[in-house]
Amino acid sequence: MTLAAYAAHPELTKGRRHAEPPAQARSEFQRDRDRIVHSTGFRRLEYKTQVFVNHEGDLFRTRLTHSLEVAQIGRSIARVLALNEDLTEAIALAHDLGHTPFGHAGQDALNECMREHGGFEHNLQSLRVVDQLEEHYAEFDGLNLCYETREGILKHCSKENAKQLGELGKRFLNGRRPSLEAQLANLADEIAYNNHDVDDGLRSGLITLEQLAEVELFERHAMIVRKAYPDISERRLVHEIVRRMINALVMDLLQTTQQRIADHKPQSIEGVRNSGELIAFSDSMRAESKALKKFLYDNLYRHYRVMRMSEKAKRIIRELFDAFMSEPRLLPTQHQEKAQENLSRTVADYIAGMTDRYAMREHRRLFAVEED
Ligand code: MG
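Described below are features of the structure shown in this document.

Cut-off values and rules
Residues numbered from 1 in each chain as written. Predicted model: local features only at pLDDT ≥ 70, side-chain atom pairs only at ≥ 80, totals over all residues. Heavy atoms only, no water. Helix = DSSP H or I, 4+ residues; strand = E, 2+ residues; numbered from the N terminus. Rg over C-alpha atoms; globule rule 2.2 N^0.38 Å. Buried < 20%, exposed > 50% of the residue type's maximum accessible area, 1.4 Å probe, protein only. Contact = heavy atoms within 4.5 Å. Areas by Shrake-Rupley, 256 points an atom, 1.4 Å probe, with all protein chains shown as cover. Lys, Arg positive; Asp, Glu negative; His and termini not counted. Charge placed at Lys NZ, Arg CZ, Asp CG, Glu CD. Phe/Tyr/Trp six-rings, centres within 6.5 Å; stacked < 30°, edge-to-face > 60°. Lys NZ or Arg CZ within 6 Å of the ring centre and 35° of its normal. Core = buried A, V, L, I, M, F, W, Y, C linked by side-chain atoms within 4.5 Å. Donors = N, O, S within 2.8 Å, 3.2 Å for Na, K, Ca; no water. Axes fitted to C-alpha atoms, helices over the stretch in contact; angles between N-to-C directions. Parallel < 35°, antiparallel > 145°, perpendicular 65-115°, else oblique. Left-handed = near helix turned anticlockwise from the far one by under 90°. Nonpolar A, V, L, I, M, F, W, Y, C, P; charged D, E, K, R; others polar. Salt bridge = Lys/Arg side-chain N within 4 Å of Asp/Glu carboxyl O.

So, on to the overall build of the protein. Counting secondary structure elements, the protein contains 19 helices and 0 strands. At 21 Å, the protein has a C-alpha radius of gyration in line with the 21 Å of a compact globule built from 372 residues. The principal-axis extents of the C-alpha atoms in the protein amount to approximately 60 × 50 × 35 Å. Every one of the 372 residues in the protein was classed for burial, and the buried ones make up 54%. Within the protein, contacts between residues at least 6 apart in sequence are counted, and of these 70% link residues at least 24 apart. Of the roughly 18300 Å² that the protein leaves accessible, carbon and sulfur atoms contribute 48%. Charged side chains in the protein number 53 positive and 58 negative. The centres of these two groups are separated by 2 Å.

The next thing to look at is helix α5 (residues 103-113). Buried within α5 are the following residues: Gly103, Ala105, Gly106, Gln107, Ala109, Leu110 and Cys113. Elements in contact with the buried residues of α5: α3 (63-80), α6 (122-133), α16 (304-326) and α18 (343-353).

This part takes up the packing of aromatic side chains. Across all of its chains, the model carries 3 aromatic pairs by this definition. The interplanar angle of 80° and the centroid separation of 6.3 Å between the aromatic rings of Tyr350 and Tyr358 together place this pair among those described as edge-to-face. Take Tyr358: its relative accessible area is 27%, and that puts it in the partly exposed class. Against the face of Tyr137 rests Arg35, its NZ or CZ located 4.9 Å from the ring centre.

Before going further, it helps to examine the nonpolar core. Counting 73 residues, the largest nonpolar core has Ile36, Leu83, Val198 and Phe218 as the members making the most contacts within it. Of the residues forming this core, the biggest block, 11 residues, is contributed by helix α13 (residues 234-264). Contact partners of Leu83, with chain neighbours within four places excluded, come to Leu3, Tyr6, Ala7, Ala78, Leu180, Glu181, Leu184 and Ile279.

Here the focus is the coordination of the magnesium ion. Only His66 (NE2), His95 (NE2), Asp96 (OD) and Asp189 (OD) from the protein reach the magnesium ion as donors, at distances of 2.1 to 2.7 Å. One chain supplies every donor for the magnesium ion, spaced along it as H-x28-H-D-x92-D. Of this pair, His66 sits in helix α3 while Asp96 sits in the loop between α4 (85-94) and α5, and the two are 30 residues apart along the sequence. Side by side, His66 and Asp96 carry an identical accessibility label, which is buried.

For the pair α3 and helix α10 (residues 180-204), the least separation of the axes is 8 Å and the interaxial angle reads 125°. Relative to α10, the element α3 is oriented oblique. Between α3 and α10 lies a crossing whose hand is right-handed. Residues His66, Glu69, Val70, Ile73, Gly74, Ile77 and Ala78 of α3 form the contact with α10, whose participating residues are Leu184, Ala185, Ala188, Asp189, Ile191, Ala192, Tyr193 and His196. Taken together, the residues of the contact of α3 with α10 break down into 10 nonpolar, 3 polar and 2 charged.

Moving on: the pattern of salt bridges. As enumerated under the stated definition, the model contains 37 salt bridges in all. Here Arg26 and Asp34 are joined by a salt bridge, their closest N and O atoms 3.0 Å apart. Given the relative accessible area of 19%, Asp34 is considered buried. With a closest N to O distance of 2.9 Å, Arg176 and Glu270 form a salt bridge. Of this pair, Arg176 sits in the loop between α9 (170-174) and α10 while Glu270 sits in helix α14 (residues 269-274); the two residues are 94 residues apart in sequence, bridging distant segments of the chain.

Following this line, the structure appears as structure tokens:
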């Protein structure tokens, strides 16, 4: 498969932070993807919440299956656009490595705890995991990934933090774009979570088909499926609608993007970085995707049963943070040395790395009167 001129070409990478001999039987981006799959952070994603806390049911998405879905959607689109599939996959698999336990509730709580200490942001934390926190290699901390992979992982960044990141932070200060592979991984993420949250939401019973009738993107496909298969079971109906929604989003994105690429004619990855957003939905699909997102926010993420878990999660994170801050000797031995250099950041790294169940267990170990 020949890469387009505007794709990320592995032999033209801006390189790794620590020089290494070239990969022998893989491209540099394949090597990055492989390092991510072999990392500890990646395995932790299996037990981290997407929306539903891991113990709530075996069939709900976790951060791991979410990341796999993002990679799959991203790769399919990358192939059609002659973009670099390996880089798209690497970014997709790594994009949530910095997530705390308990999803967004966990991140909000940790950010609140870190307010006086530089804050906590999960995108930046994903970068921190691959740049510093993984302890796998003899010669460097982190995974020593290529610039292009790191650029893709850092989706958002405050101006304040961007200033500390050198070359990688520059685009947040001068309004430039990342590679098309990075832009693609970002929208593949949106396609994946909107659709799988509909599926998980229905499965959990927290939202219903009747409620979803108000969402145009959903209802349009529901009508088509019901007409073609009047006796279809609910389980199959939901899946048939979701697959059609994913397909519609992907096809729209492809069409819009191909048009934009034809208009801008970027000649290289640098041309892409200097163009406006090239990977995009049409205006009407953007509006429909936004409406679905809003529906999920109002009806699923703000559902009282999700809120109860979120509040519990925030309490756990806050109490863990306060306990370690007031008595650093409660930290496991391997964190003690780093804690002497920077206590709050070490505590944040330790908590962010926890899986849902590890955080609950650690909380019990610190606060339960009776040991379990
Ligand atoms: Mg994600």
